Amino acid sequence: MNTRAKLVVLASAGLALVGMSSLSASARIICNDDGDCWHSPEAYVYPPAAGIIIHPDDWRWKEGEHHAWKEHEGRGYWHGGEWRAF
């Protein structure tokens with residue numbers, strides 16, 4: 001393999017590594033109108049009547065805001081203090 005071919009292979013490998021590193025897991029922070037918040041690894045489509053707000057994974061509520069963590073396994077959302085699976 002000549003020098004040029006080695007450079008092409010090396011550059012391709014570098015680009016592949018950068019591309020794979022951008023696929024890291026990210027959990028969204030989901031909150032409802034009641035202030036219940038939870039993490040979701042998937043981007044679900046929630047019913048409009050659920051009053052859901054989707055935040056990036058680095059979002060934090062401000063001091064004085066009334067939010068609480070309510071984690072739950074599975075696909076669904078909190079509404080009226082109850083987990084509604086869908």
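Here the structure is a predicted model, which is why all the values come from computation and not from measurement.

## As for the overall build of the protein chain
Part 1 of the argument: Looking only at helices and strands, the protein chain features 1 helix and 6 strands.
Part 2 of the argument: Seen in sequence order, the protein chain has helices and strands lined up from the N terminus as α-β-β-β-β-β-β.
Part 3 of the argument: In the protein chain, buried positions account for 21% of the 86 residues.
Part 4 of the argument: Total accessible area computed for the protein chain in this model is approximately 6,500 Å², and 59% of it derives from carbon and sulfur atoms.

## Brief notes about the state of the cysteines
Part 1 of the argument: Summed over the entire model, instances satisfying the criterion amount to 1 disulfide.
Part 2 of the argument: With a sulfur-sulfur separation of 2.1 Å, C31 is cross-linked through a disulfide to C37. Of note, the bridge from C31 to C37 carries an S-S torsion of about 105° and is right-handed in sense. Just as C31 is buried, C37 falls in that class too.

## A closer look at the sheet that holds strand 1 (residues 28–31)
Part 1 of the argument: In space, the 4 strands of this open sheet follow the order 3-1-2-4, with mixed pairing throughout. Whereas interior strands pair on both sides, the edge strands pair on one side only; in this sheet they are strand 3 (53–55) and strand 4 (68–69).

## So, the side chain of H55
Part 1 of the argument: Mapping H55 onto the fold places it in strand 3.
Part 2 of the argument: Residues in contact with H55, not counting those within four places in the same chain, are R28, I29 and C31.

## So, the pairing of strand 6 (residues 82–85)
Part 1 of the argument: Both strand 5 (residues 76–79) and strand 6 contribute to a ladder of 4 bridges, which runs antiparallel. In the strand pairing of strand 6, G76 is matched with A85.
Part 2 of the argument: From the end of strand 5 to the start of strand 6, which pair antiparallel, there are 2 residues, and G80 there has a positive phi angle of about 65°.

## Some points on the environment of C31
Part 1 of the argument: Looking at where C31 falls in the secondary structure, it is placed in strand 1.
Part 2 of the argument: Aside from chain neighbours lying at most four places away, what touches C31 is D36, C37, W38, G51, I52, I53, H55, W59 and H67.

## Quick word on the pairing of strand 1
Part 1 of the argument: Bridge count for strand 1 against strand 2 (residues 36–40) is 4 bridges, and the pairing is antiparallel. Across the sheet, the residue bridging to C31 is C37, located in strand 2.
Part 2 of the argument: Following strand 1, the chain reverses through 4 residues before pairing antiparallel with strand 2; G35 in that reversal takes a positive phi of roughly 95°.
Part 3 of the argument: By the bridge criterion, 3 bridges tie strand 1 to strand 3 in an arrangement that is antiparallel. Residue pairing for strand 3: C31 is matched across the bridge by I53.

Scoring rules and cut-offs
Residues numbered from 1 in each chain as written. Predicted model: local features only at pLDDT ≥ 70, side-chain atom pairs only at ≥ 80, totals over all residues. Heavy atoms only, no water. Helix = DSSP H or I, 4+ residues; strand = E, 2+ residues; numbered from the N terminus. Buried < 20%, exposed > 50% of the residue type's maximum accessible area, 1.4 Å probe, protein only. Areas by Shrake-Rupley, 256 points an atom, 1.4 Å probe, with all protein chains shown as cover. Disulfide = S-S within 2.5 Å. Pairing = 2+ DSSP bridges. Contact = heavy atoms within 4.5 Å.

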